[in-house]
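Residue-level structure breakdown
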Amino acid sequence: MYAIVWLIPALPLAGFLLLVFLGRRMPRAVAAVVGVGSVGLAALATVLVGASFLSAPPAGGAIEERLFGWVSLPSLSFAFGFRVDALTLTMMAVITIVGFLIHLYSSEFMSRDGEFWLFFAYMNLFVSSMLVLVMADNLALLYLGWEGVGLCSYFLIGFWYREPEYCVAARKAFIVTRIGDVSMLLGLALLVSSFATLDIQELLRRAAAGWAPGSALPVVATLLLLGGAVGKSAQLPLQVWLPDAMAGPTPVSALIHAATMVTAGVYLIARLSALYALAPAVQSLVAIVGLATLLLAGLAAIAQVDLKRILAYSTISQIGYMFLGLGVGFYSAAMFHFMVHAFFKALLFLAAGVVIMAQGEEHNIFRMGGLRTALPAVFWTFLIGASSLAALPLVTAGFYSKEWILWGAWQAGRGGPLLWLLGGCLGVLLTSLYSFRAVFVTFFGDQKIRESHLPGARMKIPLVILAALSILGGFIQIPSDIAPVSLFESFIGGVFPKAPGAAEGGSTQILLQVVASALSLIGVLAAYVLYRRGVGAHERLADSDAYRGVRRFLFSGLGFDWVYKWAFVKTFDCAAKLLKGEVVGRAADAIGSANAAIGRALGALQSGRIRWYLVGIALGAVAAVGAAVWL
Amino acid sequence: MIPAIVLLAPLLGGVLAWISGRAGRLWVRIWPLALLVLDFAALLAVWIGGNPDAFHEGAYSFYADLIVPWIPQIGVSVHLVLDGLSLVLSLLAVFIGIVVILVSWKRERDHEGFFYFNITLVLSGVLGTFLAVDLFLFFLFWELMLVPTYFLIVGWGGERRAPAGFKFFLFTQLSGLVMLLAILALYFIHGGSSGVYTFDLFGLIGTPMSSRTSFLLMLGFMAAFAVKLPAVPFHSWLPDAYVEAPLEATILLAALLSKSAAYGILRFVLPLFHDAALAFAPVAYVLGVLSVVYGAVLAFAQTDLKRLIAYSSVSHLGFVLVGIFALSPLALQGSVLQMVSHGVATGALFVVAGFMERRLGHRDLSRMGGLFPLVPRLAGAGVALALVALGVPGSGNFIAEVLIVIGTFQASPLFAVLVSSGLVFSVVYALWMIQRAFHGRAAVSGSLRDLSALEAAGALVMILVVFWLGLHPQPVFDATSRFLQTLQGGA
Amino acid sequence: MSPQFSDYALVVAAVLFALGLFGVLARRNVVYVLISVEVMLNAAGLAFISAGSKLGQPDGQVMFIFILTLAAAEASVGLALVIQFYRAYKTLDTDSARELKD
Amino acid sequence: MVTVLFFVAGALAIVSTALAVTRPNAVHALLYLIVAILSLSVLFYLLGAPFAAALEVIVYAGAIVVLLLFVVMMLNLSHQSVAEERTLLKPSIWIGPGILAAVLLGALIALLSNGAPAGGDSIEGPAAVGTALFRPYLVGVEIASFLLISGVVGAYHLGRRLKEPRP
């Protein structure tokens, strides 16, 4: 079964090529079959590979396959080679399966769009690039996929390219992530100049042997790589692009800007965990970045009114959790949260897509309401997704994944009560507050817009499957004090360095779980009090100036956009305007114009009067004789 | 004999085109095209079947080596060699030549015979610089490129062609004269110290001189190459020349003439003045980084499509300059790959820009928009090539820039950081171009003709070549590595 | 004969040359310009002859003969030009002939 | 006696030349020029160049000046342009050239007084001149003959009446 590994990224790529060259002439149905089918087959292949991986684990815990050479120079060589281990397989499963469900959903969601084929072409290319990213056995190939997903993200955000503001959002996303990418490229350059290889396993071995823990080089290298990770994963300080990226079609938000691409940074750090182990300071920084991001994005999410922007900030915030997990060394927990988050966030976005479609492209939740009865299927699935997001205790997958990270934050060597208090208490409270705010405002109360365009089967089936996964996905890894299930950890744990002091159980853990669960329920309750109970507290608060000021500040994403606009965009524009006149070129032209001026001055002597010329001759004669006299 | 055939075939085509100028529109095109295709086939045959070690000269080895005494009294000979580097670049030149003739196939203009003669003359000049290792001969070809290009700009250019052509001529001619001075100085120093007066590169390598002299002579060579490359701040001829030249000449300028400068640095400056070049490297880095950043910022500021591409070209060639002087194996290979890939990609981008100009009647970005649904093939090609300009993964530019950044990092981390900022800026202008031209609301009412099947096939071939270079660059590396390896030791 | 004739003759030649120059510059009539040129040529001839006499060599006179030939050729061509000039402009004022410019 | 003759002839040459370049009447100017030429030929003779003196009279006075005179008469300038010439001879016009010429003269005399190599006057007869002409200066003579030929051709060509006289 391992022989088909290369097919997994190749199938979506083939789909892309077919669609991009022939798609314009394909009937819609054929384009949909090609687009959805290629990802479906890739998912099938992944399941087959995964099944044989589980039943007969390969030697060394990884399938390695080298397709063909790419660059082979004496000082550096890398190839198109894949390496599939448990971590990769987890990512691949999420990418292909969630990707397939979203493709299926899109085949109905996008069916009225004029460039239906192009949408699937981009989506297929995205899936292919993302698979290359996670399967690459060397960092150059990983970087290829890394850039590839960024490119697809650009095209898909700006898919409705007739709207200039969508194009701006797309451009912003590409440029901001490119800044991170360049940082990552420099990180690769540092690694190459130290170890002369880009093969990930080889690199990790050589780094462990060649670098002393905590010395300067690993710190710089991991910092540069972290730059790439925060760019792609929309963490502080490069998080500004993700909320605007919601300009893209909703399935794109679900697939790229929630489930897969934005977690590439998490994958990168997890993949290079051995490297980060050499730079403890940077790893702590990862935790701090994650913590800051999750709080900040959670605060911003509370003030948003656009349903998709709420979800976007919530994505940033949840990836912050994953970074927190990575930072404290609980890699398995971070990956578990990644998987669960992919399920429930994809679900939430897809459900939001149905809602927005049914409300005639209205994004503002305060103009919606009462959809509970109008769209029951969507309501229930959205509720499940929101519960999972809010980590409602015991029944949701989100509870188990988040609990694991919080336990790490409390208990790991680098963690501590402060991390737990800020990240756990505040973060959980914020999360359940904003997610249930969205639920209450959107689905309860009076219906303000009549629903139109109800979803068909191809949109409902993915919702139901994802809802099931959002509940059931959590039960493969349960804390030992509740029930000793540890399937996920035993599957993926071998890839990572051992988490420091991972002993579980005890009364502390139970206490922590109770506090976190209580906070999550308090958040739901607060949302109910503020936004549901008739003319609630929210309306009364809305009158005070202070509240409005805070709200505006939070609404703007805490002012980052404003700062960046003035610090970078305006500066660049000014520089471009200043230089447009070709200041440098002018200097060269000045020589020319000086010559022309001299020429004109001399030309004035050419009066055409013969006597003037004779005067010139005479002056010359005088000068010559004078020179003879004087010298 | 092969180098001579390679060199003379386009020229023969041009002469035949000129002679048959009155016989009709067809022959004028067929002659040069046929001979260029033959040339291309010959070069390919050498690449596939030739023996790269057939001839030796010191540490260097060649596919073919041709020496015919020309003016033995002063040590001038027709010395042409074909090694991997010149082979790859000659292939690029002939390929671009074929593209140029095909692009102009349907275009009617005055004095067509002379027009094609000029084009093939430029090609011969470029091929000559790629093949000649006699400095006198090299200089001859270097200047030979100049005159027909000037004629092309002034004879068939746009509205402001006269000043543009004049500026181009003046810049390149003056800098060329500085190089001539350096060549002569080197000739006399070598003759004076060894008693053998020769212009042959391999005879001149290792001429003993003080480091100060060596540095000055290298500056003389670099003057010519920096202007032709061009490196900021010697670039001010470029935007005008690129914009005012007819499409065919623009393609030649962007794709080939700039490469001849980079090639000159590799072939002559580094072997002749290795230590001086090392001393000069920081300056070259600064010039390169300046070009990268300045070109990118100015590309963003343009509204004229051709001008935008012209500045983007400045930016990309800054990478080449930095990569060459980093002198690490990765950066050198990256630079050569960037030369080839940029040649094809920018050539293709200018072709697309030319197609757009023919259809719209102007090339003002602020009056474009929404072309994607109107002309999907043309816009698709344009988007793909703009993406190549920003280093889309899988393209030749991508892998070349990655290698240059990595290689430069080994030599100087600081300049690697600075030059990589160009990767961000390139995104800014390339996306700006895509969105102004192809995205947004349609600015053109009515219908435009999309690319014909043949035009689309041509554009596709060029795009595929760029991606082939990105996904399978190994043949280029293998061909050029012999020469590039000799550069590092300080031959 | 300590300052000899030839020394004084050189002075005379210088004076004559200066006068000729003055005439060429000051007069605007072409005929006077020609006359002045003849004067200058004469002055040059005188200088040559006195130099030759001073150095005791025949070369001075040979040069004078060449100058004479020159003067003859100059006069013939110059006068032909004067005639054409007069036909074209109906005047002999050199300043009116400014078509040399542009 | 010879000395007196020399200085008289020199003074005459200067004065008549000065008059020749300043007279408003062209015919008068030319007559002064003839006087100047004749006095120059006297100087030549006294400097020991009898052959040159003869040529001066024959060629200059006999040919060139007469040619000039013919042209002046042919153009019939003598009367109506005298008044015109007077107006043109204003100080503002001649003062600049005057200064220039004076400076040149001063410089020349300074040069002469600076370093005149010593040596005695000697008489070189026509025979010596002829030998010099046709031995070392033969090429010069040939070139001079070319010059004369081209002068003749040029004069003929230029002197032709144009078919369409310009306005």
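Structural data are supplied above this passage.
From a predicted model like this one, the values you see are computed outputs, not experimental measurements.

Regarding the nonpolar core
Within the largest apolar cluster, 436 residues are counted, with the highest numbers of intra-cluster contacts made by B:F221, B:L266 and B:F325. With 23 residues, helix α15 (residues 331-358) of chain A is the single largest residue contributor to this core. Those residues within four positions of B:L266 in sequence are excluded, and the remaining contacts are B:L85, B:P271, B:I324, B:L332, B:V336, B:M339, B:F483, B:L484 and B:L487. Counting 62 residues, the second-largest nonpolar core is a separate cluster that includes C:Y32, D:V27, D:A53 and D:I64.

Here's the deal with the interface of chain D and chain C
With 81 residues of chain D at the contact, the number on the chain C side is 68 residues. When chain D packs against chain C, the two sides together hide about 6,800 Å² of surface, and 76% of this comes from carbon and sulfur. The interface formed by chain D and chain C contains 10 residue pairs in polar contact (both at pLDDT 80 or more). When residues of the side of chain D that touches chain C are traced back to their parent elements, those giving at least two are α1 (2-22), α2 (26-46), α3 (50-75), α4 (80-88), α5 (91-114), α6 (126-134) and α7 (138-159) of chain D. In terms of residue count, α3(D) provides more of the side of chain D that touches chain C than any other element does, 13 residues in total. Class assignment of the residues belonging to the side of chain D that touches chain C gives a composition of 60 nonpolar, 13 polar and eight charged.

What to know about the side chain of A:S128
Looking at where A:S128 falls in the secondary structure, it is placed in helix α4 (residues 116-135). Sequence-distant contacts of A:S128, that is, excluding residues within four places in its chain, are made with A:P9, A:P12 and A:L13.

A closer look at the interface of chain A and chain B
Between chain A and chain B, the contact holds 54 residues from the first and 60 residues from the second. For the pairing of chain A and chain B, the buried interface totals around 4,800 Å² over both sides, and the portion due to carbon and sulfur atoms is 73%. For the pair chain A and chain B, the number of links is zero salt bridges. Scanning the region where chain A abuts chain B turns up seven residue pairs in polar contact (both at pLDDT 80 or more). Elements with a contribution of two residues or more to the side of chain A that touches chain B: β1 (63-73), β2 (76-84), α5 (139-157), α6 (164-195), α25 (560-580) and α26 (583-605) of chain A. For the side of chain A that touches chain B, the element with the highest residue contribution is α6(A), accounting for 16 residues. By residue class, the composition of the side of chain A that touches chain B is 36 nonpolar, six polar and 12 charged.

A closer look at the pattern of salt bridges
Residue and element names in this part refer to chain A. A complete count under the given rule lists 19 salt bridges over all chains for this structure. In this structure, R271 engages D85 in a salt bridge whose closest nitrogen and oxygen atoms are separated by 2.9 Å. Highlighted residues: R271 in helix α11 (residues 264-271) and D85 in the loop between β2 and α3 (86-109), separated in sequence by 186 residues. Owing to a relative accessible area of 6%, R271 belongs among the buried residues under this scheme. A salt bridge links K172 to D244; the shortest N-O distance between them is 2.6 Å. Residue K172 is found in helix α6, and its partner D244 is found in helix α9 (residues 241-244); the two are separated by 72 residues along the sequence.

Rules used in this analysis
- Residues numbered from 1 in each chain as written.
- Chains lettered and ligands numbered in written order.
- Predicted model: local features only at pLDDT ≥ 70, side-chain atom pairs only at ≥ 80, totals over all residues.
- Heavy atoms only, no water.
- Core = buried A, V, L, I, M, F, W, Y, C linked by side-chain atoms within 4.5 Å.
- Buried < 20%, exposed > 50% of the residue type's maximum accessible area, 1.4 Å probe, protein only.
- Helix = DSSP H or I, 4+ residues; strand = E, 2+ residues; numbered from the N terminus.
- Contact = heavy atoms within 4.5 Å.
- Buried area = accessible area lost by both parts, 1.4 Å probe.
- Polar contact = N/O pair within 3.5 Å; in protein donor to acceptor, adjacent residues only side chain to side chain.
- Nonpolar A, V, L, I, M, F, W, Y, C, P; charged D, E, K, R; others polar.
- Salt bridge = Lys/Arg side-chain N within 4 Å of Asp/Glu carboxyl O.

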